[in-house]
Amino acid sequence: MTADIDKTAGPKDLPPSGAQAVRAIPVRHYGRYVTALIAIALLAAIIYAFGQGKINWHAVPDYFFDDRIMTGVGKTLLLTVLSMLIGIVGGIVLAVMRLSKNPVTSAIAWFYIWFFRGTPVLVQLFLWFNLGLVFEYINLGPIYKNYWSDFMTPLLTALLGLGLNEAAYMAEICRAGLLAVDEGQTEAAHALGMSHGKTLRRIIIPQAMRVIVPPTGNEVINMLKTTSLVAAVQYPELFRYAQDIGQVSGAPVEMYFLAAAWYLIMTSVLSVGQYYIERYYARGSSRSLPPTPWQKVKANMLSLGRPKGGMA
């Protein structure tokens, strides 16, 4: 059966073909323009208000690279790294304990997580600092013996308060990552004769890292900011040094802005590192990785240099 064709139809009655067949008219989003103008106006108003405020902005660059500030930056980074190491190691141990079939081990891990997640970090810092009221001295036999007040230095207080609290959060992050791996992976590894520990190291943990890394990066950034709390237990870090300089120089508010600027710089650097670590562990989950910000910039620059309608 053949279709009837109108032989009287001429070329002008046929639909156009080729690149000019369809003319696409972009949709104008007027709401976006209005929202952008409002946002720019609010930003300009905020900048103007800060510019007209009674703040000596010249004090910020004067002390930005002060020796005390740079020492505080170094101690803040050191405290962040050490606290996160304690938190990550403790979190892995607690996660394995939570997933253990031993009810006693699982209950101990649950109680630890419940306690440290349920109390503020600042309260924990003060508790560690004042445990000398309970333990007059610490006695480790022939290894070490001293009064608690001498043993619990500000640095040790900061590490215990931040690291042990972080371990509770990292335990839940690690547990979520381990549970995200299909149980068939464990069964297959055991069928090949792998022990439970070797299965964790070789099979489960490498696959769980894709789930663990993103929230861990957020925890590192959060830890960097939380270190400012240790000023309450007399440990000198960035915020404490900024406070001291502000009291001596008569510019306390300006030094708060200085400390905020340094925290922004450090968190920005850590965010870049987090991005590339996440990209590294995402290689096995997607066929093609999204372009990096630098690759996007290069692609946009190359597209600007190409003539319209032709090839570069």
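Quick note: structure is the one above.
Residues numbered from 1 in each chain as written. Predicted model: local features only at pLDDT ≥ 70, side-chain atom pairs only at ≥ 80, totals over all residues. Heavy atoms only, no water.

### Topic: the overall build of the chain
Where we set the bar: Comment: elements are numbered from the N terminus, with helices defined as DSSP H or I runs of at least four residues and strands as E runs of at least two. Buried, partly exposed and exposed residues are distinguished by accessible area as a fraction of the type maximum, computed with a 1.4 Å probe on protein chains only: under 20%, between the cut-offs, and over 50%, respectively. Here, residues are in contact when the closest pair of their heavy atoms is within 4.5 Å. In these tables, accessible area is a Shrake-Rupley quantity obtained with a 1.4 Å probe, and a residue counts as shielded only by the protein chains included in the view.
A tally of regular secondary structure across the chain gives twelve helices and two strands. Moving toward the C terminus, one meets the helices and strands of the chain in the order α-α-α-α-α-β-β-α-α-α-α-α-α-α. Going through the 312 residues of the chain one by one, you find that 27% of them count as buried. Across the chain, contacts joining residues at least 24 apart in sequence account for 71% of those joining residues at least 6 apart. A total of about 21,400 Å² of accessible surface is found on the chain, and carbon and sulfur atoms cover 65% of it.

### Some thoughts on the nonpolar core
Operational definition: Put simply, buried Ala, Val, Leu, Ile, Met, Phe, Trp, Tyr and Cys residues joined by side-chain atoms within 4.5 Å make one nonpolar core.
In this structure, Leu 79, Leu 162, Leu 178 and Val 230 are the most contacted members of the largest nonpolar core, which totals 21 residues. Looking at this core, the elements with two or more residues in it are α3 (67–98), α5 (121–129), α7 (154–180) and α9 (196–226). Among the elements that take part in this core, α7 stands out by supplying seven residues, more than any other. Aside from chain neighbours lying at most four places away, what touches Leu 162 is Leu 79, Ser 83, Val 121, Leu 125, Met 223, Thr 226, Thr 227 and Val 230. Membership of the second largest hydrophobic core comes to 16 residues, among which are Ile 69, Ala 242, Leu 258 and Trp 262.

### Considering the packing of α3 against helix α4 (residues 103–118)
When two helices pack together, their arrangement is captured by the angle between the axes and the distance separating the axes. The criterion, for reference: In this analysis, axes come from line fits to C-alpha atoms, helices being fitted only over the stretch in contact, and the angle between any two N-to-C directions falls in the range 0 to 180 degrees. In this scheme, roughly parallel covers angles under 35 degrees and roughly antiparallel covers those over 145, while 65 to 115 is roughly perpendicular and the rest are oblique. Take the far helix as your reference; a near helix turned counterclockwise from it by less than a right angle gives a left-handed crossing, and one turned clockwise gives a right-handed crossing. Note on residue classes: Ala, Val, Leu, Ile, Met, Phe, Trp, Tyr, Cys and Pro are nonpolar, Asp, Glu, Lys and Arg are charged, and everything else, Gly too, is polar.
At a closest axis distance of 7 Å, the pairing of α3 and α4 adopts a crossing angle of 130 degrees. As the angle between them shows, α3 and α4 are arranged oblique. α4 is crossed by α3, and the crossing has left-handed handedness. Residues Leu 94, Met 97 and Arg 98 of α3 form the contact with α4, whose own contacting residues are Thr 105, Ser 106, Ile 108, Ala 109, Trp 110, Tyr 112 and Ile 113. Grouping the constituent residues of the contact of α3 with α4 by class yields seven nonpolar, two polar and one charged.

### Let's talk about the pattern of salt bridges
Selection rule: Definition used for salt bridges: Asp or Glu carboxyl oxygen within 4 Å of a side-chain nitrogen of Lys or Arg.
Tallied over the entire structure, the rule returns four salt bridges. Here Asp 66 ties to Arg 68 by a salt bridge, and the two come within 3.1 Å at their closest N and O atoms. By relative accessible area, Asp 66 is classed as buried at 19%. Across the salt bridge formed by Glu 172 and Arg 98, the nearest N and O atoms sit 3.4 Å from each other. One end of the pair, Glu 172, is in helix α7; the other, Arg 98, is in helix α3, and 74 residues separate them in sequence.

### Some words on helix α10 (residues 238–249)
The following threshold applies: Multiplying 1.5 Å by the residue count of a helix minus one yields the expected span of that helix. The directions considered for the arc run from the helix axis to the C-beta atoms. Under this definition, polar contacts are N or O atom pairs within 3.5 Å; protein pairs additionally need one hydrogen-donor-capable and one acceptor-capable atom, and for neighbouring residues in sequence, both atoms have to be side-chain atoms.
Relative to the 16 Å expected for twelve residues at 1.5 Å per residue, α10 spans 16 Å between its end C-alpha atoms, a close match to the ideal helical length. Those residues of α10 that fall on the buried side of the exposure criterion are Leu 238, Tyr 241, Ala 242, Ile 245 and Gly 246. Looking straight down α10, one finds that the buried residues subtend no more than 135 degrees of arc, so they occupy a single side. Seen from the buried face of α10, the exposed residues on the opposite side, beyond 90 degrees, are Gln 247 and Val 248. Buried residues along α10 sit against α2 (59–63), α3 and α11 (252–281). In this structure Glu 237 caps α10, since a side-chain oxygen of it lies 3.0 Å from the backbone nitrogen of Phe 239. Directly beyond the C-terminal end of α10, a positive phi value near 75 degrees is found at Gly 250.

These results come straight from atomic positions and should not be treated as a statement about function.
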